[in-house]
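For reference, the chains in residue letters:
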Amino acid sequence: MDFTIPKTHQLFRRMVRDFVEHEVRPAAKKMDALGYSDMDLVRKLAENGLLGVPFPQEYGGAGLRELGYCILMEELGRVCTSTAAIVGAHTGIGAMAIYLGGDEAQKAKYLTPLARGERIAAFALTEPDAGSDAANIKTRAVRDGNRYIITGSKIYITNGPIADLFAVMAVTDPHLGVRGGVTAFIVEREMAGFSIGTVEHKMGIRGSATSELVFDEVIVPAANVIGQVGAGFITFMQTLDTGRLGLGAACLGGAQAALEMMCRYAAGRVQFGTPIGDKQSIQWMIADTATEIEALRSLVYRTAWLVDSHQPFTLEAAVCKLFGSEMASRAIDRALQVHGALGYSRDFPLERMWRDARIAEIFEGTNEIQRIVIAGQVLRPYGLRVRP
Amino acid sequence: MDFSLTSEQQMFRQMFRDFAARDVAKAADQADKQEELPARLLKRVAAQGFMAALAPEEPYGGVGLDAVTYTLLLEALSAECMSAALTIHVHNSLGLRTILRHGSAALQEALVAEMAAGERIAAFALTEPAAGSDPTCLRTAAVRDGDAYVLKGEKSWVANGGLAGVYLVFAQLDSRITAFALPAETPGLVVGGRQKTLGLRAAAITRLYLNDCRAPAENLLGAEGQGYKIALEALDFGRVGLAAVALGVGRRAVELGVKFAAERVQFGGPIGQKQAIQDYLADAAAEVAATEWLVRHAAWLADSGKPFGQEAAIAKLFASRMAAQVTNRIVQVHGGYGYITDYPIERYYRDARSLEIMEGTTQVQQIVIAGGLFAGTNVRVRP
């Protein structure tokens, strides 16, 4: 047993925190108020090597593996969930699909510019009739010689309006169903027939752009198939496994920030003649939050270790996402309550954190899907097959 | 025991629901986005007599609703638009009712007819930046000047600020809290900027500055030094009203959840067929049902002239928590559709969160309730 974070990663955290305080914090409120992704900030993330953190250096990444990526997501999550969502969609699932499923040529051509942040990625799975039921996608890819013609639409795609490259899942053989019948593709924004549809107005993570993608007979070379034809579902599910861990790390950061705000306010706000932090009700909220944060921190970094040491982590990643998202919402909700009316005010960041945090219980697999995944893993040895 | 509504109460409820469905529902989404209630809606509310809900028929032409019927009104309104319900609640529960109980004859004559007609909406100005849960920290000061008073200070989180024609203001007079009714046109009374909030965006919540505002003696509410008691009494009744607001929000959220779960197909069937979703909705419905009877019981106690402070605090505590939990769960039932602003549940969820904070936070309700529980023992409950 050794829980020490390597020196490189400690230095990395310090560097990221400095970057986040100087560059992300000033942008966070503005992106929320105006509802757009600040591309200057995205450029600065790229310049600082923060868009390819987990990937090997040979592909333009920082070579800091999953541990480094979790540190990044935790630090981003402390200050701006929108920025964490931009990076999560780009690195954690968009580029990750190519890293996990792509061949060397694709990694050279596509992963490298993504890891360097020269191009931005998105992950396109969800459709109007395929939310939690991801296997029910209708977007069709028809083989035509050495290319595929993709027709259909995707919705709720994080980074849709700002991305250059899209990992897209489409049906290649409707008879084979989800195992064997769906394939993952790399689609470039410039390809004819591709367009961005409706941009969503959301409760939170308003600095992270979400949109529809429209595929109107988009011609994609067969060389852009990620992995094997028919293996798209497996690639995407593996990608989401990894993505869930990063999401849990971002939740850890959000909860930690909420705890610190709660403590600071409780120590300074005087009512009934003493700081409200003297009251047991407030102390209990703080104690419960600190307890849950400790649990999540252990979960996240242990799971990162599982990933980096090539052990199975499907169960653990789903636990990180489920527990982390619900815990972060609770922590931020408590912090808001401790601040009273100030917490409910848009002049103070807590209400933004509260709106932002809520998405983590929904996207990248709703928490209901996480429970299905977890129940499936836990019940397998007992001979029970868990179906949605 | 009789849990049924009288035929008159049932008739009123139908009328409230019809009005809400016809006039409030269509304005709610826009009101949230534009961050104000349309003037037209407020006119329609006044024309229906809802601004006179708690005023007696004689001599003010009021509607004189009993508390139970009044909770039906707030519930019907909040099911469509919580901002609208809150505006009417603050005017009636905190403003009009307090002036009727504690205002001088001259004050009532001067203000109540206009208030009942909705021409003079009431605002309740108790909270200050340094006095939230602890109103004894008030800094706004009143001094005597002949047979009038002069008020100076700053208020925050004033619901109906700017919209109001009369402000109920609580100030320290010789270190004793004293309540005044200040018409909006009082020189020196300045409404500050809107305090923008997570939800309740169509409700007008502002700061208020009192720059040497003169209040003639007849604008005193109750007697000098009775302000704290008057505020607590108003808030006791206000808690029943706010619990009714929460009830409307929760009940509608469950309806929205059932509708969505019946229509949304995933995995080959409506998601309502999944046990997990059924559990969410069943728990939500149970909490709404429990709230309904807490609200009605507290209102019935008020109508019967019995003490209801403890029951009101319990209703507010439970109802606000219910509304926050239920809307949260119904957002989850909607999945991604719950997070975008195209579906109403997103607004209900943001609005509901205010209920655990305003008019006494959950923690303040716990203190009130614990105080009641330990009355007559050697335990002294202090905040």
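1. Some thoughts on a positive patch on the surface
All names here are of chain A. Residues Arg-179, Arg-380, Arg-385 and Arg-387 make up a contiguous surface patch of positive charge. Relative to the helices and strands, Arg-387 is located in the segment after helix 12 (367-379). Taking relative accessible area as the criterion, Arg-387 reaches 59% and is therefore assigned exposed.

2. As for the packing of helix 9 (residues 309-334) of chain B against helix 11 (residues 362-373) of chain B
Residues and elements named next belong to chain B. Where helix 9 meets helix 11, the closest approach of the two axes is 9 Å, and the angle between their N-to-C directions is 145°. Judged by the sense of rotation from one axis to the other, the crossing of helix 9 with helix 11 is left-handed. Contacts from Gln-310, Ala-313, Ile-314, Lys-316, Leu-317, Ser-320 and Arg-321 of helix 9 reach helix 11 at Thr-362, Gln-365, Gln-366, Val-368, Ile-369, Gly-372 and Leu-373. The residue makeup of the contact of helix 9 with helix 11, split by class, is 6 nonpolar, 6 polar and 2 charged.

3. Overview of the domain arrangement of chain A
Residues and elements named next belong to chain A. Split into domains, chain A comes out as domain 1 (7-120), domain 2 (122-230) and domain 3 (234-382). Here domain 1 and domain 3 have C-alpha centroids that lie 20 Å from each other. In this complex, domain 1 contributes 26 residues to the contact, which on the side of domain 3 involves 29 residues. Approximately 2100 Å² of surface area, both sides summed, lies buried where domain 1 meets domain 3, with 59% of it carried by carbon and sulfur atoms. Counting the surface domain 1 buries against domain 3, the share from its top three residues, Glu-66, Glu-74 and Arg-78, is 26%. At the boundary of domain 1 with domain 3, the tally comes to 4 salt bridges. When the shortest N-O distance is used, the salt bridge between Arg-78 and Glu-260 registers 3.2 Å.

4. Some details on a nonpolar patch on the surface
Together, Met-1, Phe-3 and Trp-293 of chain B line one region of the surface with nonpolar side chains, adding up to about 440 Å² of accessible area. By secondary structure assignment, the location of Trp-293 of chain B is in helix 8 (residues 275-303).

5. Focus on the nonpolar core
Judged by nonpolar contacts, the single largest core of 212 residues is most densely connected at Leu-72, Phe-185 and Val-187 of chain A together with Ile-99, Phe-124, Phe-170 and Leu-355 of chain B. In terms of residue count, helix 7 (residues 227-263) of chain B provides more of this core than any other element does, 18 residues in total. If we skip the residues at most four places from it in the chain, Ile-99 of chain B touches Leu-107, Gln-108, Leu-111, Val-112, Met-115, Val-166, Leu-168, Ala-181 and Leu-221 of chain B. One finds Ile-93, Ile-137, Met-169 and Phe-233 of chain A within the second-largest nonpolar core, a separate group that totals 28 residues.

6. Thoughts on the pattern of salt bridges
All names here are of chain A. On inspection of all chains with the given rule, the structure shows 51 salt bridges over all chains. Taking the shortest distance from any N to any O, the salt bridge between Arg-119 and Glu-188 comes out at 3.7 Å. One end of the pair, Arg-119, is in the loop between helix 5 (104-115) and strand 1 (121-124); the other, Glu-188, is in strand 5 (residues 182-188), and 69 residues separate them in sequence. According to the relative accessible area criterion, Arg-119 is partly exposed, its value standing at 21%. Judged by its relative accessible area of 16%, Glu-188 falls in the buried class. Residues joined in a network through salt bridges with shared partners are Arg-13, Arg-17, Glu-74, Glu-75, Arg-78, Glu-260, Glu-294 and Arg-297.

Conventions used here
- Residues numbered from 1 in each chain as written.
- Chains lettered and ligands numbered in written order.
- Predicted model: local features only at pLDDT ≥ 70, side-chain atom pairs only at ≥ 80, totals over all residues.
- Heavy atoms only, no water.
- Patch = residues over 30% accessible without salt bridge, like charges linked within 9 Å, V, L, I, M, F, W, Y side chains within 5 Å.
- Areas by Shrake-Rupley, 256 points an atom, 1.4 Å probe, with all protein chains shown as cover.
- Salt bridge = Lys/Arg side-chain N within 4 Å of Asp/Glu carboxyl O.
- Lys, Arg positive; Asp, Glu negative; His and termini not counted.
- Charge placed at Lys NZ, Arg CZ, Asp CG, Glu CD.
- Helix = DSSP H or I, 4+ residues; strand = E, 2+ residues; numbered from the N terminus.
- Buried < 20%, exposed > 50% of the residue type's maximum accessible area, 1.4 Å probe, protein only.
- Axes fitted to C-alpha atoms, helices over the stretch in contact; angles between N-to-C directions.
- Left-handed = near helix turned anticlockwise from the far one by under 90°.
- Contact = heavy atoms within 4.5 Å.
- Nonpolar A, V, L, I, M, F, W, Y, C, P; charged D, E, K, R; others polar.
- Domains from an automatic or database assignment.
- Buried area = accessible area lost by both parts, 1.4 Å probe.
- Core = buried A, V, L, I, M, F, W, Y, C linked by side-chain atoms within 4.5 Å.

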